[in-house]
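Structure assessment
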Amino acid sequence: MHMADALLSPAVGAAFGAGTLGAIAYCSKKLKENMDEKLIPLMGVLGAFIFAAQMINFTIPATGSSGHLGGGMILAIVLGPYAAFLVMASVLTVQAFFFADGGLLALGCNIWNLGAYPCFIAYPLIYKPLTRTNRSSGLLLFAALLSAVTGLQMGSFSVVVQTLLSGKSELPFNAFLLLMQPIHLGIGIVEGIITAGVIGYVRALRPELFESASSSRPLAAGISLKNVLIAFVILAAITGSALSWFASTYPDGLEWSIERVYGKTELPEQEHGIAATLKRLQEKTAFLPDYKFKKSEGGSKEKETSSPWPEVDTGTSLSGITGALIALGLIILIAIGIRTIRGSKPGTP
Amino acid sequence: MTFDKEYFNIGYLDRLSYGDTVIHRLDPRSKVIATMIFVITVISYGKYQVIPLIPFLLFPVLLMTLSDTPVMLIVKKMLVVSPFAVFIGVFNPVFDNRAVALSDTVYISAGWLSFLSILIKFALTISAALLLIATTSFPGVCNALRRLGVPSLFTSQLLFLYRYIFVLMEEAMRIVRAKDLKSFGSRGTGVKVFAGLIGVLFIRTIERASRIYNAMLSRGFDGKMKTMKKSRLGVADAAFLAAVLLMVYLFRAYDIAGFLGGIIKY
């Protein structure tokens, strides 16, 4: 659910960018106050860990699609909120640069959506109070599940709000919400299960990593993931087929893994899914008010219906289009010119 | 295996950034600033504006040619990341089907226009971001960010992360390969195995971190990350920034496409 530059308006992008920068500065200050030098290499390497872990895929039961780790909650549990936020921000920054996930202006939004909610809301308000006294594996799972779901729900809600505030998308609020929240419920549940699994596993092997020694009794190695999965299947049945349908058609779960796991084979099915979504949404919002036609630069006549070829006059924007084409041609010519003058290698296209 | 491919891809972009061209030699700060100015200007266009965006292609195209960056690399990377913007944008034609006149006889629905606008903005902003990293080494960008006011703890975190991405990816690759060799078909792709794999990777990571810390301590680490490389804003940077500003200003303030079209008409 990486927010994209193209959907943002400068005001929204700048606002969230400023908020994120402020949060980064605040976290840096907080960490420096009682700096544990050991934390510096640990944070860096854990960031790289999230990166590497995201490249390993697994199959999500009942949907057939594949998922990967988000990692915000694991980081928060191991490092605490401030360091975790910085690590999450660094991971997203590298992703923005090297995979162009979202873009540079949207980076602020993305760090906010994926970093701030798990670190500053889900972890301190849900996970920590729940696991403070009792450390049973069931409770761990419950806490991880609840906090991961909450964090992701807030994150995806914030994607919706950012997109709508920017006004580049035509999706109505309700439809967009209906599209985003259920998918991220699914993603959140999976994230929660994995978080609990990893934390449980690590705690069994290296209990000293979770410093608060109070009543930390080591867990049996194989935490009952089977029961968890059964619960998950029941839950999936309750939320209905709609959820799994969404989860398998929505591209974001696949965004990362599309090339890695499924190659191109998954794409046709996905398009099919999108088309179906469109249709359903269209039916839902069929009562859209009759819009007046937008005036083009040339001052077109106002008409109704969606018939694409009304035979009316005017429109000097044609010269704009030819101009754009000329500009495009010029740009390409300039590029070719530079390449020829510099005698570039023939191998590079 | 696609895993190896992804690994290779990051390495490739990294290797490109060590080129030595006019663009590579510019100070990272000037490139970061220019890219941000460019992105913000592109984003500032209204949702139905398509034609004024076209001239902006000049910026990425110039950067690409002057820095000898392979065009296909950028295009391929753009295609891989496109889902979200495209997925959201594709609803515009559905919900916004007012007609807009392009000429006397040609009409287009406003939704397609805004969708097209999103796609072009997407291409411009993403290619600008990719070109920034293809022409500037990541440590260079981090250094620039630090000198532009981003907290040093965060930039050193970025540097650390970047340095160990490759190491940990290899680690993950070994783990996955070992799992693949021991499982057949779809076995071992479930959540339980996954949690175990991640757990192993996690513990190896923690152990590596403590080894790194010891190594750093024995080399005199005092809690600060220092950089040797000095960079200075020179005449070339001033010229580059001025050119970008001028270009952005001209494109934003004047109707370049209309002007060019007008020349042809008369």
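Every value quoted in this text rests on a predicted model; they were computed, and no experiment measured them. (Residues numbered from 1 in each chain as written. Chains lettered and ligands numbered in written order. Predicted model: local features only at pLDDT ≥ 70, side-chain atom pairs only at ≥ 80, totals over all residues.)

**Looking at the overall build of chain A**
Tallying secondary structure elements over chain A gives 12 helices and two strands in all. A burial count over chain A gives 52% of its 349 residues as buried. For chain A, long-range pairs separated by at least 24 residues make up 71% of all intrachain contacts whose partners lie at least 6 apart in sequence. (Helix = DSSP H or I, 4+ residues; strand = E, 2+ residues; numbered from the N terminus. Buried ≥ 20, exposed ≤ 12 C-beta atoms within 10 Å, placed from the backbone. Contact = placed C-beta atoms within 7 Å.)

**Here we look at the overall build of chain B**
On a plain count of helices and strands, chain B comes out with 13 helices and two strands. The C-alpha atoms of chain B give 23 Å as radius of gyration, which overshoots the globular expectation for 266 residues (18 Å, by more than 25%). Reported as C-alpha extents along the three principal axes, the dimensions of chain B are approximately 75 × 55 × 30 Å. The 266 residues of chain B split such that 45% are buried. (Rg over C-alpha atoms; globule rule 2.2 N^0.38 Å.)

**Description of the packing of helix α9 (residues 138-147) of chain B against helix α10 (residues 152-182) of chain B**
Any two packed helices are characterised by the angle at which their axes cross and by the distance between the axes. Residue and element names in this part refer to chain B. Closest axis-to-axis distance for the α9/α10 pair is 9 Å, and the angle between their directions is 175°. One way to sum up the angle between α9 and α10 is to call them roughly antiparallel. On the side of α9, the interface is formed by Phe138, Pro139, Cys142, Leu145 and Arg146, while α10 contributes Ser152, Thr155, Leu158, Leu159 and Tyr162. (Axes fitted to C-alpha atoms, helices over the stretch in contact; angles between N-to-C directions. Parallel < 35°, antiparallel > 145°, perpendicular 65-115°, else oblique.)

**Details of the domain arrangement of chain B**
Residues and elements named next belong to chain B. One can read the domain layout of chain B as domain 1 (2-147 + 230-252) and domain 2 (152-217). Domain 1 and domain 2 are separated by 32 Å when their C-alpha centres are compared. Of the residues lining the interface, nine residues belong to domain 1; the matching set on domain 2 comes to nine residues. At the level of secondary structure, the elements contributing two or more residues to the side of domain 1 that touches domain 2 comprise α1 (2-16) and α9. Counting residues per element, the side of domain 1 that touches domain 2 draws most heavily on α9, at five residues. In terms of residue class, the side of domain 1 that touches domain 2 is built from seven nonpolar, no polar and two charged. (Domains from an automatic or database assignment. Nonpolar A, V, L, I, M, F, W, Y, C, P; charged D, E, K, R; others polar.)

**A look at the environment of Pro70 of chain B**
Looking at the element boundaries, Pro70 of chain B is found in the loop between α4 (58-66) and α5 (71-81). Taking the C-alpha atoms as reference points, Pro70 of chain B and Cys142 of chain B, separated by 72 residues in sequence, lie 24 Å from one another.

**Topic: the confidence of the model for chain A**
All names here are of chain A. With 63% of its residues at a pLDDT of 70 or more, chain A shows a mean pLDDT of 69. Residue range residues 212-275 is modelled with pLDDT below 50. Its contacts to residues more than four positions away, or to other chains, number 83 contacts. Note on residues 278-316: pLDDT is under 50 here. Beyond four places in sequence and across chains, it has 58 contacts. (pLDDT = per-residue confidence, 0-100.)

**Details of the nonpolar core**
Generally speaking, a soluble globular protein has its nonpolar side chains buried in company with each other. Core analysis: the largest hydrophobic core is formed by 170 residues, its most contacted members being Leu86 and Met88 of chain A together with Ile198 of chain B. When residues in this core are grouped by element, the largest group, 16 residues, is from helix α8 (residues 110-135) of chain B. Both domains that meet at this core, namely domain 1 (2-147 + 230-252) and domain 2 (152-217) of chain B, each give it at least three residues. The residues touching Met88 of chain A, leaving out its near neighbours within four places in the chain, are Gly72, Leu75, Ile111, Leu114, Gly115 and Cys119 of chain A. (Core = buried A, V, L, I, M, F, W, Y, C linked by C-beta atoms within 7 Å.)

**What to know about the environment of Arg174 of chain B**
Following the sequence through the fold, Arg174 of chain B ends up in helix α10. As for Arg174 of chain B and Val80 of chain B, which are separated by 94 residues in sequence, their C-alpha atoms are 25 Å apart.

**Digging into the packing of helix α3 (residues 28-43) of chain B against α8 of chain B**
Residues and elements named next belong to chain B. Two numbers describe how α3 lies on α8: the axes approach to 10 Å, and their chain directions differ by 175°. One element, α3, and the other, α8, form an angle in the roughly antiparallel class. Facing α3, whose interface residues are Lys31, Val32, Thr35, Phe38, Val39, Val42 and Ile43, α8 presents Lys121, Leu124, Thr125, Ala128, Leu132 and Thr135. Residues belonging to the contact of α3 with α8 are distributed by class as follows: eight nonpolar, three polar and two charged.

**Describing helix α6 (residues 137-166) of chain A**
Along its 30 residues, α6 of chain A runs 43 Å from first to last C-alpha, staying within 8% of the 44 Å computed at 1.5 Å per residue. Two residues or fewer after α6 of chain A comes Gly167 of chain A, characterised by a positive phi angle close to 70°. (Expected span 1.5 Å × (residues − 1).)

**Here's the deal with the confidence of the model for chain B**
Looking at chain B, the pLDDT average stands at 83 and 91% of residues meet or exceed 70. Scored as a whole, the predicted complex attains pTM 0.74, and scored at its interfaces, ipTM 0.83.

**Regarding helix α2 (residues 39-53) of chain A**
In this model α2 of chain A runs 20 Å from its N-terminal to its C-terminal C-alpha over 15 residues, within 8% of the 21 Å that 1.5 Å per residue would give. Of all 15 residues that make up α2 of chain A, 15 are buried, and the element is covered over most of its length.

**Looking at the environment of Val248 of chain B**
Residues and elements named next belong to chain B. Relative to the helices and strands, Val248 is located in helix α12 (residues 235-253). A tally of 18 C-beta atoms within 10 Å means that Val248 is categorised as partly exposed. Each C-alpha atom of the pair Val248 and Pro55 lies 9.6 Å from the other, and the pair is 193 residues apart in sequence. Among all residues touching Val248, those that are not within four sequence positions of it are Ile37, Phe38 and Thr41.

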